[in-house]
Protein chains: 2
Amino acid sequence: MSDAPETSAKGKPGTITVSVDAMGGDQGPQAVVDGCAQSVSKNPDLMILLHGDSAVLDPLVARHTALRGRVTVHHSPDTVKMDDKPAQVMRHGRDTSMWNALAAQRSGQAQATVSCGNTGALMAVSMLQLRKLSGVHRPAIACLWPSRGKTGFNTMLDVGADVRADEESLLQYAMMGAAYFRNAFNMPRPRVGLLNVGTEDHKGRAEIKEAAILIAQAAEIGQFEFVGFVEGGDIPSERVDVIVTDGFTGNVALKTGEGTARLISDLLRRELTATPWAMIAGLLALRPMRRAKKRTDPSRVNGGVFLGLNGTVVKSHGSADATGVSSAIKLAFTLARSGFQERMSDRLSAVMDTVAERQMSASDSTGTEGQE
Amino acid sequence: MSDAPETSAKGKPGTITVSVDAMGGDQGPQAVVDGCAQSVSKNPDLMILLHGDSAVLDPLVARHTALRGRVTVHHSPDTVKMDDKPAQVMRHGRDTSMWNALAAQRSGQAQATVSCGNTGALMAVSMLQLRKLSGVHRPAIACLWPSRGKTGFNTMLDVGADVRADEESLLQYAMMGAAYFRNAFNMPRPRVGLLNVGTEDHKGRAEIKEAAILIAQAAEIGQFEFVGFVEGGDIPSERVDVIVTDGFTGNVALKTGEGTARLISDLLRRELTATPWAMIAGLLALRPMRRAKKRTDPSRVNGGVFLGLNGTVVKSHGSADATGVSSAIKLAFTLARSGFQERMSDRLSAVMDTVAERQMSASDSTGTEGQE
């Protein structure tokens, strides 16, 4: 066990402590510990609380001199499995590393949490422990998507927290996504687009047309630019930074993008090993192709961020390697240090007040219409 | 103008006439005429009625000796533009090549129609002219998707005819998709999957869980195998042939897949031209990479089929080249010759009767519950 005092996070000004669930990823705790080592050696302001089986974690931590004095291992006897149902974990998950990682954040020992585990369970326990941010109807999961734009990434939300979203939820996703993108990528005025089946005004479902009106009206308070409807082909586009959609569509789109990238990569590999000539070409083209792959495979872009909670929770990809875990920790650190949640909450309240006022004045004018 | 008699289609037994809208594609009428020439030279049983501006089409047709006696040009003074609204075309589109292509099918001069034009207008005019097949709630658009499976393609529907689908519509899509896949790819028992955000029973929206029950019950009459829920990543999978979803989700998934393929292709090109060394590798790898690209770029898989109408209509991709147009014509020919629509209509009616009976007996048993 590390000898770092638990108060260290608060002790040093500018230091951020990230609570890391070391169990539950496909690559096992070693990838997580290696990822922590990468992170702390790059970032002197980072402290880590590591949750899991200390009999497994202590020896892994001991291997990295970089982790000495920077990581505290907290023993948790139990692990949330990938097929555990969220409700089950909420009732019986108190001894799991996931639960304890979030409990440490709740009690103020850490300012953000990272886990590679079961997404549904992580969202359920996060909501239970951290509670929703004031004014938020529904938390959302925002993913990063490789893009042609300056930052190299766009963000899309919701990608699976909730299978339905009405116009007010879509408005909140726009506000939260813009706040997240601004703070993660230092972009003062992100561009927000609403996912639809066409860019013309008359297309799409009723709640999406309604949401477009609400989002356009909220652009000033939310400090974003609303670019209107975008289509599936625009998700990696450079004309938008934040793509707003419901969790069903977002989840299907995310997995379709991942699946398409995997299919292309597999077919390229097959073609480039089909003949000796192709194999030579393939070997020569290996490095540039790897660079392209690294930029485009959505599963390598790590860090689904839970938005709308009292605190930052980053869901690292289940199959993330050490570099993936390290980038998820970096994202959690950046967001926790920015303190964007409070500002986002204030703006959300202001926007929802405006929506409520408009609805009231609309129903007033409907009410008086008959009398005039 | 060609001298082929208009009765030729019906004159020769085994001959199929396809009505082709030559206008409205991004590549212009030349790509369409070249595609027709490719088709007729490969297929002795194919006749073509070509609709569009005869001053443009006649010289293009005259260039191909293969088209002599096989193509009849029908003059249409007007063209549906890509941004014309469907309602507008339904009211004022009587002089367009799209309208006349479908009118020829309606009057029995042709057995199928192919158009590269505006999808919304094509669906609207198709419904107006051909009418829905008996028993069909809503027509659907089925696209082909490059896959790892034996046929090299999966089909997904609906990809944009309707932005919503209830459980009965999803059931009908399953029946129609299975019938289409069976006849297009000669697969006696296609495997049908229902698109969802997870493969576990408890996941997803209410209408999707309900649809899963209806589809499972219809598998025997529909002569397909139901594999249950599939996710976005399974769309190109070899464990499913037909992916069922609503038109909003399907359209977003289709365009996301296309966009991801384009992004990867662009980034590969950029990386393989970045340094002289990479360029050499890129030149050597060009042919295997082109082969992989040809298999994976969804926009090259040509032919969105409208299902649930009295007749076969194929929407060719707007940017299709001659080969793309030719493959759309081949698809239309194959489907028209199979005569699958009538068999599909019979099975649909049988399934919908079963659903209605179950609903009646369910409401009966609810009604008597209180009295027992």
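Residues numbered from 1 in each chain as written. Chains lettered and ligands numbered in written order. Predicted model: local features only at pLDDT ≥ 70, side-chain atom pairs only at ≥ 80, totals over all residues. Heavy atoms only, no water.

Named according to an unreviewed UniProt entry, chain A is Phosphate acyltransferase originating from Roseinatronobacter ekhonensis. The record held by UniProt for chain A lists under Subcellular location (unreviewed entry) the comment "Cytoplasm". Taken directly from UniProt, the Pathway (unreviewed entry) text for chain A runs: "Lipid metabolism; phospholipid metabolism." (UniProt positions renumbered as here; feature names shortened; annotations may be inferred.)

*Asks:* Can you walk me through the side chain of Ser19 of chain A in this structure?
*Replies:* Locating Ser19 of chain A in the fold gives a position in strand 1 (residues 16–21). What Ser19 of chain A contacts, discounting residues up to four positions off in sequence, is Leu49, His51, Ala101, Ala104, Ala110, Ala112, Thr113 and Val114 of chain A. (Helix = DSSP H or I, 4+ residues; strand = E, 2+ residues; numbered from the N terminus. Contact = heavy atoms within 4.5 Å.)

*Asks:* Where do I start with the pattern of salt bridges in this structure?
*Replies:* Opposite charge on two side chains permits pairing when their charged atoms draw close. Per the counting criterion, the structure on display carries 18 salt bridges over all chains. With a closest N to O distance of 2.8 Å, Arg205 of chain B and Asp246 of chain A form a salt bridge. Of this pair, Arg205 of chain B sits in the loop between strand 7 (191–195) and helix 8 (206–222) while Asp246 of chain A sits in the loop between strand 9 (242–244) and helix 9 (247–271), placing the two residues on different chains. Across the pair, Asp246 of chain A and Arg205 of chain B agree in class, each one buried. Where Arg138 of chain B meets Asp162 of chain B, a salt bridge forms, and the shortest distance between an N and an O atom there is 3.0 Å. (Salt bridge = Lys/Arg side-chain N within 4 Å of Asp/Glu carboxyl O. Buried < 20%, exposed > 50% of the residue type's maximum accessible area, 1.4 Å probe, protein only.)

*Asks:* Explain the sheet that holds strand 2 (residues 46–52) of chain B here, please?
*Replies:* Two strands in a sheet stick together by hydrogen bonds in their backbones, pointing the same way (parallel) or opposite ways (antiparallel). All names here are of chain B. The mixed open sheet is built from 11 strands, whose spatial order is 3-2-1-4-11-10-5-6-9-7-8. Taken across any chain shown, the strands that pair with only one partner, and hence form the sheet edges, are strand 3 (71–75) and strand 8 (225–230). For this sheet the average axis-to-axis angle between neighbouring strands, irrespective of direction, equals 25°. Of the pairings in the sheet, the one linking strand 10 (residues 304–307) to strand 11 (residues 312–315) comprises 3 bridges and is antiparallel in character. Note on strand 11: the bridge partner recorded for Gly304 is Lys315. (Pairing = 2+ DSSP bridges. Axes fitted to C-alpha atoms, helices over the stretch in contact; angles between N-to-C directions.)

*Asks:* How should I be thinking about the domain arrangement of chain A in this particular structure?
*Replies:* Accessible area lost on assembly of the parts is the figure often given for the size of an interface. Residue and element names in this part refer to chain A. Domain annotation for chain A reports domain 1 (1–132 + 309–338) and domain 2 (137–307). Placing the centre of domain 1 and that of domain 2 at their C-alpha centroids yields a distance of 26 Å. With both chains or domains summed, domain 1 and domain 2 bury close to 1500 Å², and 65% of this area falls on carbon and sulfur atoms. Among the residues of domain 1 in contact with domain 2, Met123, His317 and Leu331 are the three that bury the most area, contributing 33% of the side total. Counting across the domain 1 and domain 2 interface gives 0 salt bridges. Taken together, the connections running from domain 1 to domain 2 amount to 3 residue pairs in polar contact (both at pLDDT 80 or more). Looking at the side of domain 1 that touches domain 2, the elements with two or more residues in it are helix 6 (119–130), strand 11 (312–315) and helix 12 (322–338). Sorting elements by how many residues they give to the side of domain 1 that touches domain 2 places helix 12 first, with 8 residues. Split by residue class, the side of domain 1 that touches domain 2 holds 11 nonpolar, 8 polar and 2 charged. (Domains from an automatic or database assignment. Buried area = accessible area lost by both parts, 1.4 Å probe. Polar contact = N/O pair within 3.5 Å; in protein donor to acceptor, adjacent residues only side chain to side chain. Nonpolar A, V, L, I, M, F, W, Y, C, P; charged D, E, K, R; others polar.)

*Asks:* Sorry if this is basic, but what is going on with the packing of helix 7 (residues 167–185) of chain A against helix 12 of chain A here?
*Replies:* To describe two helices that pack against each other, one gives the angle between their axes and the distance between the axes. Residues and elements named next belong to chain A. The contact between helix 7 and helix 12 brings their axes to 9 Å, and the two run at 105°. It follows that helix 7 is roughly perpendicular to helix 12 by the angle criterion. Here Tyr180, Asn183 and Ala184 of helix 7 lie close against helix 12, whose contacting residues are Leu331, Thr334, Leu335 and Ser338. Per-class residue counts for the contact of helix 7 with helix 12 are 4 nonpolar, 3 polar and no charged. (Parallel < 35°, antiparallel > 145°, perpendicular 65-115°, else oblique.)

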